[in-house]
Amino acid sequence: MLGELPSTSWFRRAIVAAVMVGILLLTYMVLAPFLVPTIWAAILAYVSWPLHIRVCRIIRRRQSLASLITTLIVSTVIVVPIVWLLFTLQSEAVKAYREVQTLLATKPALPAALRDLPSIGPWLEEKWAILIADPKTLNVELQQWLTSSADEVSGVVGGVGRNVAKLFIALFAMFFFLRDGARFFSQFRAVLEGMLGPQVRNYLKAIGDTTQAVVYALVLAALAQGIAAGLGYWAAGIHAPALLGALTALAALLPFGAPVIWVSLVAWLLITNHVAAALALAVWGILVVSWADNVVRPLVISNATQMPFLLVVFGVLGGVIAFGLVGLFIGPVVLAVSLAIWREWLEQRRQTTQ
């Protein structure tokens, strides 16, 4: 004979807990592909919120229209520089290829600085001799490289496509964050305060201050790298240093983006036998351009959030390693909240001991 089903309160609570955990897991599985774009949308909405408030006042508080206008403005600010950067890089790559072909037609000797490099010097000299003998070999070499690296190239193209899709989703979601963000944030804060108490306001303030500081740090560090790199290009005698400095500043918004520009220019100076200028630019890039990013970004975040400099450095680097590009924000934010909890605990302990 079957016994009666348990009717105690703990059993009912266990069933409810199991159902809630199951619902949360299913919700996570559904939303997981959109978590990173949603985080970017929240960041963009928060940073552009002052602009959104001004637009609301201008058009007499029509939320939907104001949200659409703000989203279009932010989209333009993001998309236009990216498109300009891509077209400029494509144009410069074509120009560089033609200049290499013209250089090879003059049959120059391989610069001694490259020929004397240990291990790869003889290999470079052999490849250079082949290119000098028939400049069209460069096309063959490029085609062979593309064929042998088909999987890697496909991966890069696929990654670009996924990032474009994520950008579109982020901008789309940003509209709704702007339109309904105030109501959602008040509900979210009320739930957290019910769970953790009024100290949640300090944590949310730390998140907001850190997010804003990271945005300022990204922009200022990119400008610093662009200016420093432009000065280096001018001193090295490179054509259009201002344009290349602007390209470096845009590339610097991405992790390790700036070195792609100045390292390529160092390689070009070496190939064209401007060894002294190449070495000087390499030293300038390593000691000044790269360190501008490593110093300016953590310094701005540290001063704005009152976080220790070393902790900010670990937050930025660890966030990028753990979460990718969005880790530039997640890393410092997580450490800022942890530091806020630590300081709150110390304050409570100090009060109890008095």
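Report follows, based on the coordinates.

Analysis parameters
- Residues numbered from 1 in each chain as written.
- Predicted model: local features only at pLDDT ≥ 70, side-chain atom pairs only at ≥ 80, totals over all residues.
- Heavy atoms only, no water.
- Helix = DSSP H or I, 4+ residues; strand = E, 2+ residues; numbered from the N terminus.
- Buried < 20%, exposed > 50% of the residue type's maximum accessible area, 1.4 Å probe, protein only.
- Contact = heavy atoms within 4.5 Å.
- Patch = residues over 30% accessible without salt bridge, like charges linked within 9 Å, V, L, I, M, F, W, Y side chains within 5 Å.
- Areas by Shrake-Rupley, 256 points an atom, 1.4 Å probe, with all protein chains shown as cover.
- Salt bridge = Lys/Arg side-chain N within 4 Å of Asp/Glu carboxyl O.
- 1 Å grid on protein atoms, 1.4 Å probe; cavity = no way out; pocket = protein on both sides within 12 Å on 5 of 7 lines; lining within 4 Å.
- Points joined across faces, edges and corners; volume = space filled by probe spheres on them.
- Axes fitted to C-alpha atoms, helices over the stretch in contact; angles between N-to-C directions.
- Parallel < 35°, antiparallel > 145°, perpendicular 65-115°, else oblique.
- Left-handed = near helix turned anticlockwise from the far one by under 90°.
- Nonpolar A, V, L, I, M, F, W, Y, C, P; charged D, E, K, R; others polar.
- Phe/Tyr/Trp six-rings, centres within 6.5 Å; stacked < 30°, edge-to-face > 60°.
- Polar contact = N/O pair within 3.5 Å; in protein donor to acceptor, adjacent residues only side chain to side chain.
- Arc of directions from axis to C-beta.
- Core = buried A, V, L, I, M, F, W, Y, C linked by side-chain atoms within 4.5 Å.
- Expected span 1.5 Å × (residues − 1).

## Describing the overall build of the chain
Secondary structure summary: the chain contains 14 helices and 0 strands in total. Moving toward the C terminus, one meets the helices and strands of the chain in the order α-α-α-α-α-α-α-α-α-α-α-α-α-α. Out of the 354 residues in the chain, the part that is buried amounts to 32%. Counted over contacts in the chain with a minimum sequence separation of 6, partners at least 24 positions apart contribute 64%.

## Details of a nonpolar patch on the surface
A surface patch of nonpolar side chains, amounting to about 730 Å² of accessible area, comprises Leu 26, Tyr 28, Met 29, Val 30, Leu 31, Phe 34 and Leu 35. Here Leu 31 lies in helix α1 (residues 9–31).

## Let's talk about the pattern of salt bridges
One pass over the full model with this rule turns up 3 salt bridges. Asp 180 is paired through a salt bridge with Arg 179; the nearest N and O atoms lie 3.2 Å apart. A relative accessible area of 32% means that Arg 179 is categorised as partly exposed. A salt bridge links Arg 183 to Asp 180; its shortest N-O distance comes to 3.3 Å. Note that Arg 183 and Asp 180 are positioned in helix α8 (residues 150–196) at a spacing of 3 residues, about one turn of the helix. Members of the salt-bridge network, linked through shared partners, are Arg 179, Asp 180 and Arg 183.

## Regarding the layout of surface pockets
Unfilled space is identified by rolling a water-sized probe across the atoms. Looking at the largest pocket, its volume works out to about 2100 Å³. In terms of lining residues, the largest pocket is bounded by 50 residues, among which Ile 78, Ile 82, Leu 253, Leu 254 and Leu 325 are the most central. Elements with a minimum of two residues in the lining of the largest pocket: α2 (35–47), α3 (49–58), α4 (63–105), α8, α9 (200–235), α10 (241–251), α11 (258–271) and α14 (327–353). Sort the elements by how many residues they give to the lining of the largest pocket and α4 lands first, with 11 residues.

## Re the packing of α9 against helix α12 (residues 275–305)
The interhelical angle for the contact between α9 and α12, taken along N-to-C directions, is 160°, at an axis separation of 8 Å. Relative to α12, α9 is oriented roughly antiparallel. Handedness of the crossing formed by α9 with α12: right-handed. Grouping the amino acids of the contact of α9 with α12 by side-chain chemistry returns 20 nonpolar, 4 polar and 3 charged.

## Digging into the packing of aromatic side chains
Enumeration according to the criterion identifies 6 aromatic pairs in this entry. With a centroid separation of 5.4 Å and 80° between ring planes, the pair formed by Trp 40 and Phe 329 is classed as edge-to-face. Placement of the pair is Trp 40 in helix α2 and Phe 329 in helix α14, with a sequence separation of 289 residues. Residue Trp 40 is classed as partly exposed on the basis of its relative accessible area, which comes to 22%. Seen in terms of ring centroids, Phe 175 and Phe 176 are 5.0 Å apart; in terms of plane orientation they differ by 85°. Their pairing is edge-to-face. You can call Phe 175 buried: its relative accessible area is 17%.

## A word on the side chain of Thr 70
When you line up the elements, Thr 70 lands in helix α4. Residue Thr 70 is classed as buried on the basis of its relative accessible area of 0%. At a separation of 2.9 Å, a polar atom in the side chain of Thr 70 contacts the main-chain carbonyl oxygen of Ala 66.

## With respect to α3
Listing the buried residues of α3 in full gives His 52, Val 55 and Cys 56. Down the axis of α3, the buried side of the element spans an arc of 105°, and every buried residue falls inside it. Exposed side of α3, more than 90 degrees from the buried face: Arg 54, Arg 57 and Ile 58 are the residues found there. Count one or two residues on from α3 and you reach Arg 60, which has phi positive near 60°.

## Comments concerning the nonpolar core
Membership of the largest hydrophobic core comes to 19 residues, with the highest contact counts inside it found for Tyr 233, Ile 238, Leu 244, Leu 265, Val 266, Leu 269 and Leu 281. The set of elements that each furnish at least two residues to this core consists of α9, α10, α11 and α12. At 6 residues, the largest contribution of residues to this core is made by α11. Ignoring any residue separated from it by four or fewer positions in sequence, one finds Leu 281 in contact with Gly 232, Tyr 233, Ile 238, Trp 262, Leu 265, Val 266 and Leu 269. If you look at the next biggest cluster of nonpolar residues, it comprises 17 residues, including Ile 43, Ala 206, Ala 217 and Phe 329.

## Some points on α2
Between its terminal C-alpha atoms α2 stretches 18 Å, which fits the 18 Å expected from 13 residues at 1.5 Å a residue. Every buried residue of α2 is listed here: Pro 37, Ala 41, Ile 43, Leu 44 and Ala 45.

Note that every value here comes from positions in space, so none of it alone points to a role or purpose.
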